[in-house]
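# Working through the structure, step by step
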Amino acid sequence: MRNYSDLIDKLNLIPHPEGGYYRRNWQSLLSADIKDSNRTLFTGRTIGSSILYLLPSVEVSTWHRTNCDEMWHYYSGSPLVLYCITAQKGLTRQILGSDIDSGQLPQIIMHRGNWFAAETLEPDTYTLCGCTLWPAFTYADFEMAEINKLIDEFPQYRNEIEHIAKRTK
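A tally of helices and strands in the protein chain yields three helices and 13 strands. Taking 15 Å as the expected radius of gyration for a compact globule of 169 residues, we find that the protein chain reaches 16 Å, a close match to that expectation. Considered along the principal axes of its C-alpha atoms, the protein chain spans approximately 45 × 40 × 35 Å. The burial tally for the protein chain puts 48% of its 169 residues in the buried class.

In C-alpha cells, the structure reads:
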C-alpha cells in the first residue's frame, strides 16, 4: 500500500468533517440566481465547485446530505462503495472505480437532499477521488445525520446505517 499520508501532504489536503481529507481545487467564477426544491431563491450563487478527496480505509465518509447535486470521480487506489438512502429507491450501493467490466463506475451522482455515506472497498488502502458540486458547496448546504433519527426514518436499513456509524471517528 502506498502511504496515503504522502498524498495528503503532496496534495495539501486537510481533514474533512465527514471523514477523510480534502482540498477545494475549483470554484466557478460564474454565478446565477437559483431556486431550491422549496422554490426558495438564492441570489448570486456560485454555480459549481470541486474538491480532491482522499478516504483511507481506516475511515469512512459518514452519513450526510447536501443541497447540491454531487458527482464523484474516481482517480486512483481502492474502489469506493457509495451508499445512498432515499424514500423512493430505498438503499442503493454503487461502486466508484475503474473496473467497468465488473460493474464499477468512474463517475457517480449523489442527488441533492439524499442521505449518503462512503467507505473504501479494500482494507489497508485508500481511495483518491474528486467531487464536483452544483451549485457550489457551502457548509450551509451540509447536514450530518443524527444516526438515531436516520434509523427512525429508515428502520429497514438499520444494519447499514449502524455499520457506517460505528466506523465514524
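Picking up where we left off.
This part covers the state of the cysteines. One pass over the full model with this rule turns up zero disulfides. Cys131 supplies the cysteine sulfur nearest to Cys68, a cysteine that is in no disulfide, at a spacing of 11 Å. Classification of Cys68 as buried rests on a relative accessible area of 1%. The closest cysteine sulfur to the non-disulfide-bonded Cys131 is located on Cys129, 5.1 Å from its own sulfur.

Under the criterion given, the structure shown has seven aromatic pairs. Relative to Trp72, the ring of Tyr53 has its centre 5.6 Å away and its plane inclined at 85°; by these criteria the two rings are edge-to-face. You can see Tyr53 sitting in strand β5 (residues 49-56) and its partner Trp72 sitting in strand β7 (residues 69-77), a full 19 residues away along the chain. Accessibility expressed as a relative area gives 1% for Tyr53, which makes it buried. Trp72 gets classed as buried once you look at its relative accessible area, which sits at 0%.

The rules behind these values
- As a convention, each chain's residues are numbered from 1 in the sequence order in which they are written.
- Restriction of local features to residues with pLDDT of at least 70 applies here, the model being predicted, together with a cutoff of 80 or more for giving and counting side-chain atom pairs; totals for whole chains, interfaces and linings are based on all residues.
- For the side-chain quantities, the full set of heavy atoms in the structure was used; hydrogens and water were omitted.
- The helix count covers DSSP runs of H or I at least four residues long, the strand count covers runs of E at least two residues long, and both are numbered beginning at the N terminus.
- Values of the radius of gyration come from C-alpha atoms, whereas the globule rule sets the reference at 2.2 Å times the count of residues to the power 0.38.
- Type-normalised accessible area, obtained with a 1.4 Å probe on protein chains alone, sets the label of each residue: buried when under 20%, exposed when over 50%, and partly exposed for intermediate values.
- Only a pair of cysteine sulfur atoms within 2.5 Å counts as a disulfide in this structure description.
- Side-chain rings of Phe, Tyr and Trp, where Trp is taken by its six-membered ring, are said to pair if the distance between their centres is within 6.5 Å; with planes under 30 degrees apart they count as stacked, over 60 as edge-to-face, and otherwise as tilted.

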